[in-house]
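# Residue-level structural notes
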Amino acid sequence: MQKKKSQRLRKRSKPSLNRRSWDPLSPKEIADLAIPGERLQMHEAVGRIFGIIPEGKKSIRVSEWATQHRILPAALTPRPGAFDWNITPYLKEIADCLSESSDVCEVAVMKGARIGFTVGVIENHLGYMIDTCPGPAMFLSANKEMAQTSVELRVDRMIETAGLQGKIFSQSTKRANKKTGDTKSKKEFPGGFLLIGGPSGPFLRGTGARYLYLDEIDEWKLQVGGADKKKTTTANQGDPVELVRKRATTDYPLNRKLIFGSTPLEEDTSKIKELF
């Protein structure tokens, strides 16, 4: 009788996955085991155990952070002063989907021109991320120059007016110069960094990121690769949006935040239409 009971117990405990029982689960397998509504709770529980998520930081929403911290400068808007969601109420829910308390991992916004998306969603979440839930991040636009100009004109001023300037400095103990952590192509802050560039192959295949801000993706090249500076031909490496997306889904399957935004251009080749 005892023998039959042990056999039943062994049968029930046999792993259902095609692996040895002592092999650890991969992040993707862990994500697949949790239903969407439980993934954030799982991430926060692990974060609290290891002290990754500071108490009091994870519950605030992006919209609340913006109301408390954002001041819009007169040089960039006809409505300077404290940020007010009543001006762009249609963006509030979109921004809150990017909060740590939201289980949403990816947001695609197919939009018209000058509706406040950059200020209300991208800038607000960037400030929220730096201040409350820092991590590796990338901001990409149609080309490197466009991305760097956008960050220099808008994001830098957001950081300054939101009182975050003191958090932007080099995180390397080998570098005494504070300016090394605040350049055109990179901003460093405690717990993370922001890389700024365009959809080039090497850049997209580099460091993984938990946060991706992908701006005006319908203006991106359909494929990356081709001829390099030495006029040598390389094989096409694929869709740049999918290349950079893979960096986040592979490294951060449970808690990534991806923001795709663009005004649609050609219907047949529109990346934002496909994502939307």
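Everything below is about the structure shown above.
Residues numbered from 1 in each chain as written. Predicted model: local features only at pLDDT ≥ 70, side-chain atom pairs only at ≥ 80, totals over all residues. Heavy atoms only, no water.

### What about the packing of helix α6 (residues 117–132) against helix α7 (residues 144–161)?
Quick reminder of the rule: In this description, a line fitted to the C-alpha atoms serves as the axis of each element, helices being fitted only across the stretch in contact, and the angle between N-to-C directions of two axes falls anywhere from 0 to 180 degrees. Comment: elements are numbered from the N terminus, with helices defined as DSSP H or I runs of at least four residues and strands as E runs of at least two. Any angle from 65 to 115 degrees is called roughly perpendicular, while one under 35 is roughly parallel, one over 145 is roughly antiparallel, and all others are oblique. Two helices cross in a left-handed way if the nearer one is turned anticlockwise from the farther one by less than a right angle. They cross in a right-handed way if the turn is clockwise. In this description, contact between two residues means that some pair of their heavy atoms is separated by no more than 4.5 Å. Each residue gets one of three labels, nonpolar for Ala, Val, Leu, Ile, Met, Phe, Trp, Tyr, Cys and Pro, charged for Asp, Glu, Lys and Arg, and polar for the others, Gly among them.
Look at α6 against α7: their axes get within 10 Å of each other, and the N-to-C directions meet at 50°. Between α6 and α7, the crossing angle belongs to the class labelled oblique. Relative to α7, α6 is oriented so that their crossing is right-handed. Here Thr-118, Val-119, Glu-123, Leu-126, Gly-127 and Ile-130 of α6 come into contact with α7, specifically with Arg-154, Val-155, Met-158 and Ile-159. Along the lines of polarity and charge, the residues of the contact of α6 with α7 split into six nonpolar, two polar and two charged.

### A few points about the pattern of salt bridges
Where charged atoms from two side chains of opposite charge come close, those side chains can pair. Rule in force here: The salt bridge criterion pairs a side-chain nitrogen of Lys or Arg with a carboxyl oxygen of Asp or Glu, the two atoms within 4 Å. Using a 1.4 Å probe on the protein chains alone, a residue whose accessible area is under 20% of its type maximum counts as buried, one over 50% counts as exposed, and one in between counts as partly exposed.
Per the stated rule, a full pass over the model turns up 13 salt bridges. For Glu-123, the salt bridge is made with Arg-154, and the minimal N-O distance between the two is 2.8 Å. Of this pair, Glu-123 sits in helix α6 while Arg-154 is found in helix α7, placing the two residues 31 residues apart along the sequence. For Glu-123, a relative accessible area of 4% corresponds to the buried category. Given the relative accessible area of 23%, Arg-154 is considered partly exposed. Between Lys-167 and Asp-131 there is a salt bridge, and its shortest N-O distance comes to 2.7 Å. Taken as a pair, Lys-167 in the loop between α7 and β5 (186–189) and Asp-131 in helix α6 lie far apart in primary sequence, 36 residues in all. Here Asp-131 falls in the buried class, since its relative accessible area comes to 13%. Bridged by salt links that share partners, the residues Glu-106, Glu-242, Arg-245 and Arg-256 form one connected network.

### A word on the sheet that holds strand β3 (residues 106–110)
Counted only if it meets this: Following DSSP output, two strands are said to pair if at least two bridges run between them.
Spatially, six strands are ordered β3-β10-β7-β4-β6-β5 in an open sheet, and the strand pairing comes out mixed. Edge positions in the sheet fall to β3 and β5, since each of these pairs with one other strand and no more. Here the average twist between neighbouring strands, direction ignored, is 10°.

### Regarding the environment of Ala-108
Structurally, Ala-108 is set in strand β3. With relative accessibility at 24%, the residue Ala-108 sits in the partly exposed group. Considering only alpha carbons, one finds Ala-108 and Glu-274, 166 residues apart in sequence, at a separation of 9.5 Å. Apart from residues no more than four positions distant in its own chain, Ala-108 is found in contact with Phe-260, Ile-272, Leu-275 and Phe-276.

### Considering unusual backbone geometry
Positive phi is not limited to glycine here, since Arg-114 has a value of about 55°. At Glu-216, a residue that is not glycine, the phi angle is positive and equals roughly 50°. The class of Glu-216 is buried, set by a relative accessible area of 14%.

### Examining the environment of Ser-101
Its location among the elements puts Ser-101 in the loop between α5 (92–96) and β3. Judged by relative accessible area, Ser-101 falls into the partly exposed class, the value being 39%. Each C-alpha atom of the pair Ser-101 and Val-62 lies 9.7 Å from the other, and the pair is 39 residues apart in sequence.

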